[in-house]
2 protein chains.
Amino acid sequence: MKKRPTLADVAKAANVSLMTVSRAINSKPGVSEDLRQSILMLAEEMGYQPNQIARSLATHHTAAVGLIVPDNTNPFFAQIARGVEDTAYKEEFSIFLVNTVEDPIRERAALDSLSQKNVEGLILCSSRLPDDELEDRISHFPAAVLINRELKTPLSHAITINVNDQGGAKSAINYFINHGRNLIAYLDGPANSLSAKRRMEGYKAALQEAGISFDPQLVECCAPDTDGGRIAAAALLARRPDVNAIYAFNDLVAIGAVQIVEEIGKEVPGDIAVIGVDDTPLSTVIRPELTTLHVNLRYIGRLAMRTLMDTIEGGSSSTAIRIEPELVVRDSA
Amino acid sequence: MKKRPTLADVAKAANVSLMTVSRAINSKPGVSEDLRQSILMLAEEMGYQPNQIARSLATHHTAAVGLIVPDNTNPFFAQIARGVEDTAYKEEFSIFLVNTVEDPIRERAALDSLSQKNVEGLILCSSRLPDDELEDRISHFPAAVLINRELKTPLSHAITINVNDQGGAKSAINYFINHGRNLIAYLDGPANSLSAKRRMEGYKAALQEAGISFDPQLVECCAPDTDGGRIAAAALLARRPDVNAIYAFNDLVAIGAVQIVEEIGKEVPGDIAVIGVDDTPLSTVIRPELTTLHVNLRYIGRLAMRTLMDTIEGGSSSTAIRIEPELVVRDSA
DNA sequence: TTGTATGCGTTATCAA
DNA sequence: TTGATAACGCATACAA
């Protein structure tokens, strides 16, 4: 690897001062057009590339943000990351990607590392940190966007983006009810999941509004994957064979439920209707195609990055953004 | 956001010189144990965090690497990224993630940006740059790992990691042949895909070795997704209804093919056997479960990062690594 | 329009 | 064991 020339090298070669080269490179006023051009030519020729590290130290701007997700492999976060990266590219910002693997230790390490790297902003997804600590650590960043996490006390430089899980659940349950389903089960997600909690609220609320009393027997917790869905659906249907609708924590769980329903000789949606959440690419690949709650994750990512840029540049209007999921009716309900 | 104390601040508060604090923080010799402890306490108390930017400028070490992928949303690259991040975390390195969206312009921009940020290494997946340019640009990095891309002239600081696509294709075709299939079609990937080219080679080679002559009618190009698979399979089966085995470019294509086969009233694998590539999570979710070629992508990611670290730290043994795919027999063949 | 001095926060080098 | 000074590569502020 060849050693890169510095501003001083170019200056020497051009027989001008370091500063004129700097001005020429950065398109700043104070250099005659002729000189600028010839310097630019020379710099190009020498293969000069500005050293961002030095520049950052001098300007206190790193043009970098941190993106912390539980797992970049999860399509949910992969889509968000894609959106973030999309607008980061347009803004000429770089992004540091970190996985926490749902481990608070790793999340803390990530926050420390990013802070030390002087990122100008932070996008933190599904933080597992306790409220107090979270707020304290966020205050070490110039700006932050929290996805899938609420904040007790609003911070001026921190914006939250949350999906309206309650509302989504309600619209799914209402859809069931409007289509004549009256025994609606809920395959709930992991106990520590914020989304699971909120969807449960929506489930209960929708039932109550419809005058249907809540029956704990119709709820089953499960791991948020296909196997989890299979196990939970099997247990549920063994206990309550009369169920005629299932609201699943996510698409994978829904798919597991569909499999079990068909394996016990019933039909989807004829006998039992199923609605998932997330609208992953999967949902149009399997048969029957999955009816599910859609949120534009890529849009959320873009929105997060844009909002972050706004608050970095001096303040965004909003402080808590709520995304409304949309029921996409396909063949499973 | 509170202003962070600097080394000088801590030094002043501790009534010692800047350097003793630096030594204490960095666990370097030259400080009495008592002093070190008290300085560490004080630093902790003041909330001191080293400024990595300044440190990088002084040491020429950024503890950061760049990871360039076509699309982090593609499970293939998502898994690799996860592996990379896994070992980066262990090595206390940060990773810059960039998507190229298969756009050479964006790839060039990514390379420039990363180079200016002084990353210590680069992991570049499926580069679309011409050989000459690629080699030139790679030479601007201290170390590089190329995934899914070969290099004409071996570079000492650049390692390539490639999946043995030819071998994988051959093992799939051989499996078909050993199970009595004789009319084996290939749903090929996009024309510009290196993998597609290599799999085609393996397909032809396996046929030749088995004494079966290659029939262009049995090959159909398609977009690498389910719809592409559907369209291609429909065209193929309309043209050659006698086909009894299909080797698909990837799992999504395979799924599309399975759907079409079933829609025209035939059975998988009874009438037509199908083998995919990638072993995505999808393959165990759909029915019949997909027989497919498996490669441990996360392992590849880890390997890439580890190899990168090795060459950063002064040279790795290998220069071109080849990963052998493994046929996972499930229900579709 | 151009150039000089100074500082960003840290480490390396040499001196005490 | 400690400390002063000079880098690192660039930009800001001010002078010419």
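(A) Inspection of the relation of the copies chain A and chain B at higher detail. Expressed as a screw operation, the relation of chain A to chain B combines 0.0 Å of axial shift with a rotation of 180 degrees, fitting to an RMSD of 0.1 Å. Here the transformation between the copies is reduced to the relation of a two-fold axis. Relative to the rotation axis, the closest C-alpha in chain A is found at F96 of chain A, a distance of 2.3 Å.

(B) Molecular detail of the packing of helix α5 (residues 75-90) of chain B against helix α13 (residues 297-312) of chain B. All names here are of chain B. Contact geometry for α5 and α13: axes closest at 7 Å, N-to-C directions at 45 degrees. Here α5 lies oblique to α13, going by the angle between them. Of the two elements, α5 crosses α13, and the hand of that crossing is right-handed. Contacts from F76, Q79, I80, A81, R82, G83, V84, D86, T87 and A88 of α5 reach α13 at L297, R298, Y299, I300, G301, R302, A304, M305 and R306. Residues of the contact of α5 with α13, tallied by class, amount to 10 nonpolar, four polar and five charged.

(C) Structural detail: the protein's contact with DNA strand C. Around DNA strand C sit 26 residues, and of these G30 of chain A together with T6, L7, N51 and A58 of chain B come closest. Elements that contribute at least two residues to the surface near DNA strand C include exactly α2 (18-25) and α4 (52-59) of chain A together with α1 (7-14), α2 (18-25) and α4 (52-59) of chain B. Take the surface near DNA strand C: its biggest share by element is five residues, from α4 of chain B. Each residue belonging to the surface near DNA strand C can be placed in one class, and the counts come to 16 nonpolar, nine polar and one charged.

(D) Broad picture of helix α11 (residues 251-263) of chain B. Residues and elements named next belong to chain B. Look at α11: 18 Å from first C-alpha to last across 13 residues, which is about the 18 Å you get at 1.5 Å a residue. Among the 13 residues of α11, 11 are classified as buried, and the element is accordingly described as predominantly covered. The set of residues buried in α11 consists of D251, L252, V253, A254, I255, G256, A257, V258, Q259, I260 and V261. On its buried side, α11 packs onto β6 (184-188), α10 (226-239), β8 (245-248), β9 (273-278), α12 (282-285) and β10 (291-294). In the stretch just after α11, G265 is the one whose phi turns positive, near 85 degrees.

(E) Representation of the sheet that holds strand β7 (residues 219-221) of chain B within the structure. Residues and elements named next belong to chain B. Read across the sheet, six strands follow the order β7-β6-β8-β9-β10-β12 without closing on themselves; strand pairing throughout is mixed. Each having just a single partner strand, β7 and β12 (326-328) make up the two edges of the open sheet. Pairwise comparison of adjacent strand axes, ignoring direction, gives a mean angle of 20 degrees for this sheet. In this sheet, β8 lies alongside β6 in parallel orientation, the contact comprising four bridges. Opposite A185, over in β8, you have I246 as the bridge partner.

(F) A look at the interface of chain A and chain B. Between chain A and chain B, the residue contacts involve 40 residues of the former and 40 residues of the latter. Secondary-structure elements contributing two or more residues to the side of chain A that touches chain B are α4, α5 (75-90), β2 (94-99) and α6 (104-116) of chain A. Considering every element that reaches the side of chain A that touches chain B, the biggest residue donor is α5 of chain A, with six residues. Two strands pair when backbone bridges link them, and β2 of chain A and strand β2 (residues 94-99) of chain B are joined in this way by three bridges, in the antiparallel orientation. When the bridges of β2 of chain B are listed, F96 of chain A appears paired with F96 of chain B.

(G) Examining the protein's contact with DNA strand D more closely. Inspection of the region around DNA strand D gives 24 residues, with T6, L7 and A58 of chain A together with S17 and G30 of chain B positioned closest. Listing elements by their share of the surface near DNA strand D, those giving two or more residues are α1 (7-14), α2 and α4 of chain A together with α2 and α4 of chain B. At five residues, α4 of chain A tops the list of elements feeding residues into the surface near DNA strand D. Taken together, the residues that form the surface near DNA strand D break down as 14 nonpolar, nine polar and one charged.

(H) Region of the structure containing the pairing of β10 of chain B. Residues and elements named next belong to chain B. Of the strand pairs in this sheet, β9 and β10 are connected by four bridges, and their pairing is parallel. Considered in β10, the bridge of D278 is made with H294. The sheet contact formed by β10 and β12 spans three bridges and is antiparallel. Among the inter-strand pairings, L293 is bridged to a residue of β12, identified as L327.

(I) Quick peek at the sheet that holds strand β12 (residues 326-328) of chain A. Residues and elements named next belong to chain A. Ordered by their spatial adjacency, six strands build an open sheet running β7-β6-β8-β9-β10-β12, and the pairing between neighbours is mixed. Edge positions in the open sheet fall to β7 (219-221) and β12, since each of these has one partner strand only. Neighbour to neighbour, the strand axes of the sheet diverge by 20 degrees on average, direction disregarded.

Rules of the game
- The numbers attached to residues start from 1 for each chain and follow its sequence in the written order.
- Labels follow written order: the first chain is A, the first ligand is 1, and so on.
- Confidence filtering applies because this is a predicted model: local features only for residues at pLDDT of at least 70, side-chain atom pairs given and counted only at 80 or more, and all residues used for totals across whole chains, interfaces and linings.
- The copies are overlaid by a least-squares fit using only the C-alpha atoms of residues whose pLDDT is at least 70 in both copies.
- The convention used is that axes are lines fitted to C-alpha atoms, helices contributing only their stretch in contact, and that angles between N-to-C directions extend from 0 to 180 degrees.
- Each helix is a run of H or I in the DSSP string that is no shorter than four residues. Each strand is a run of E no shorter than two, and both are numbered from the N terminus.
- An angle below 35 degrees is treated as roughly parallel, one above 145 as roughly antiparallel, one from 65 to 115 as roughly perpendicular, and anything else as oblique.
- In this scheme the crossing of two helices becomes right-handed for a clockwise turn of the near helix relative to the far one and left-handed for an anticlockwise turn of less than a right angle.
- A residue pair is marked as a contact if its C-beta atoms, positioned from the backbone, fall within 7 Å.
- Think of it as three bins: nonpolar holds Ala, Val, Leu, Ile, Met, Phe, Trp, Tyr, Cys and Pro, charged holds Asp, Glu, Lys and Arg, and polar takes everything else, Gly as well.
- Near residues are defined by distance alone, with the backbone-placed C-beta atom required to lie within 6 Å of the molecule or strand.
- To estimate how far a helix should extend, the number of its residues minus one is multiplied by 1.5 Å.
- Buried means a residue has 20 or more other C-beta atoms within 10 Å of its own C-beta, exposed means 12 or fewer, and partly exposed covers the counts in between; C-beta atoms are placed from the backbone.
- Any two strands with at least two DSSP-identified bridges between them are counted as paired.

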